[in-house]
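Structural overview for review
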Amino acid sequence: MNYFSSNFKLGILGGGQLGKMLLTETRKFDIYTCVLDPSDEAPSKIACNKFTQGDLMDYETVINFGKHVDVLTIEIENINANALETLEKQGVKVFPSSKTLKIIQNKATQKLFYVDNNIPTANFTRFAYLSQIEDAIDNGGLHLPFVWKAAQFGYDGNGVKVVRSKADLKGLQDGECIAETMIPFKNELAVIVSRNVKGEVKTYPVVEMEFHPEANQVEYVICPARIGTKIAHKAQDIALQVSKAFNHVGLLAVEMFQTQDDQILVNEVAPRPHNSGHHTIESSYTSQFEQHLRAILDLPLGNTNNKVAAVMVNLVGAEGHSGDVIYENIEDIMAMDGVTPHIYGKKQTRPFRKMGHVTIVNEDLNEARQIAEDVKNLIKVISQ
């Protein structure tokens, strides 16, 4: 099929920053793109050929959008998967498939999928209602502390909370959830696996993630991870096992824990470009966004090796600031060698909202990590 400078249409569900970065690659290849997003100010709006404003969870909206494209992909999981299933039956190619998405959309279903496929993961209990958790604690069926996760619609640390006492349950949303055993881990790792329609598979190097203690958001992504070769191979092997079980097409970001005794446990997955792969724009031969396109269009997969070591810093809205955004000291960080800011195009900031990221590349990983800290301390995402 001719994708380039042709009548071919690629549809993207979701118009956030992931879509915007994906569209950099579609423009490079001159692929016609259509984007659906609920916000008229979606970051992707300026970069696609055709923008449609609409609800991603509305069945008819997704059907009407999807039937006008040849291949449909996503940049967010909160999509009406039943609509995707209907579109597949109507002959639209949908990657990731509705089947994969339905499993991943629900954290309880996702965890059961790991158990069924012998994929190592933390022990968990599934609850239909929040009130059942209190009963389980009272009758000794559940032990504190544990990690509470809403089964659906969590993102960027929302829908996840460490519960150390019953008081921590207050204010959590009711409804289906899981309580997961707390893992005393050494490292949080991630591996991005790419698979095209033919079944060609490649993995990116393992990255290490450092988290913000309060916001439960990634602060730094470090590539390559500072781990031994044996652990790196183990993490990649498990990521490949997960990818094979889903039989997905596109990218699959597999987030994992490295335990104190060097076991690798799968935490969760995302079937799309991912925060843990943003550094690849500067540091890899093939960025994760280009690779996602290659995979869903069944083109040969690109080289996933690093050209250089990299650390990525998320730019999130400063606490106490809401309103029109200002990137304070951005010129100062741009004066540093190997520092590239990416601004997502969200005009309004609010505390902990993802507004952009900065990638630092350096021949020396430790130096990159130090510069990343300097960047983090310098740049501030504030409001006017």
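What counts and what doesn't
Residues numbered from 1 in each chain as written. Predicted model: local features only at pLDDT ≥ 70, side-chain atom pairs only at ≥ 80, totals over all residues. Heavy atoms only, no water. Helix = DSSP H or I, 4+ residues; strand = E, 2+ residues; numbered from the N terminus. Rg over C-alpha atoms; globule rule 2.2 N^0.38 Å. Buried < 20%, exposed > 50% of the residue type's maximum accessible area, 1.4 Å probe, protein only. Contact = heavy atoms within 4.5 Å. Areas by Shrake-Rupley, 256 points an atom, 1.4 Å probe, with all protein chains shown as cover. Polar contact = N/O pair within 3.5 Å; in protein donor to acceptor, adjacent residues only side chain to side chain. Axes fitted to C-alpha atoms, helices over the stretch in contact; angles between N-to-C directions. Parallel < 35°, antiparallel > 145°, perpendicular 65-115°, else oblique. Left-handed = near helix turned anticlockwise from the far one by under 90°. Nonpolar A, V, L, I, M, F, W, Y, C, P; charged D, E, K, R; others polar.

Description of the overall build of the protein chain
Counting secondary structure elements, the protein chain contains eleven helices and 21 strands. In terms of overall size, the protein chain behaves like a compact globule, its C-alpha atoms giving a radius of gyration of 21 Å where 384 residues would be expected to give roughly 21 Å. In terms of overall dimensions, the protein chain has C-alpha extents of about 65 × 50 × 45 Å along its principal axes. The buried share among the 384 residues of the protein chain stands at 56%. Look at the contacts in the protein chain between residues 6 or more apart in sequence, and 63% of them connect residues 24 or more apart. Working note: accessible area of the protein chain is about 16,600 Å², and carbon and sulfur atoms make up 48% of it.

Here we look at the side chain of Asn314
Mapped onto the fold, Asn314 is located in strand S16 (residues 309–316). Asn314 gets classed as buried once you look at its relative accessible area, which sits at 3%. In terms of polar contacts, Asn314 uses its side chain to reach the side chain of Asn275, at 3.0 Å. Apart from residues no more than four positions distant in its own chain, Asn314 is found in contact with Val218, Glu219, Asn275, Lys354, Gly356, His357 and Lys376.

So, the environment of Ile343
Assignment of secondary structure puts Ile343 in strand S18 (residues 339–343). Separated by eleven residues in the primary sequence, Ile343 and Lys354 place their C-alpha atoms 9.7 Å from one another. Those residues in contact with Ile343, other than ones at most four positions away along the chain, are Lys20, Leu315, Tyr327, Ile330 and Met355.

Describing the packing of helix H1 (residues 17–29) against helix H9 (residues 288–296)
Interaxial distance between H1 and H9 falls to 9 Å at its minimum, and their mutual angle equals 65°. It follows from the interaxial angle that H1 and H9 lie roughly perpendicular. Here H1 and H9 pass one another in a crossing that is right-handed. Counted together, Leu18, Met21, Leu22, Glu25, Thr26, Lys28 and Phe29 of H1 and Phe289, Glu290, His292 and Leu293 of H9 form the full contact between these two elements. When its residues are assigned to classes, the contact of H1 with H9 shows six nonpolar, two polar and three charged.

That's the geometry; what it means functionally is another story.
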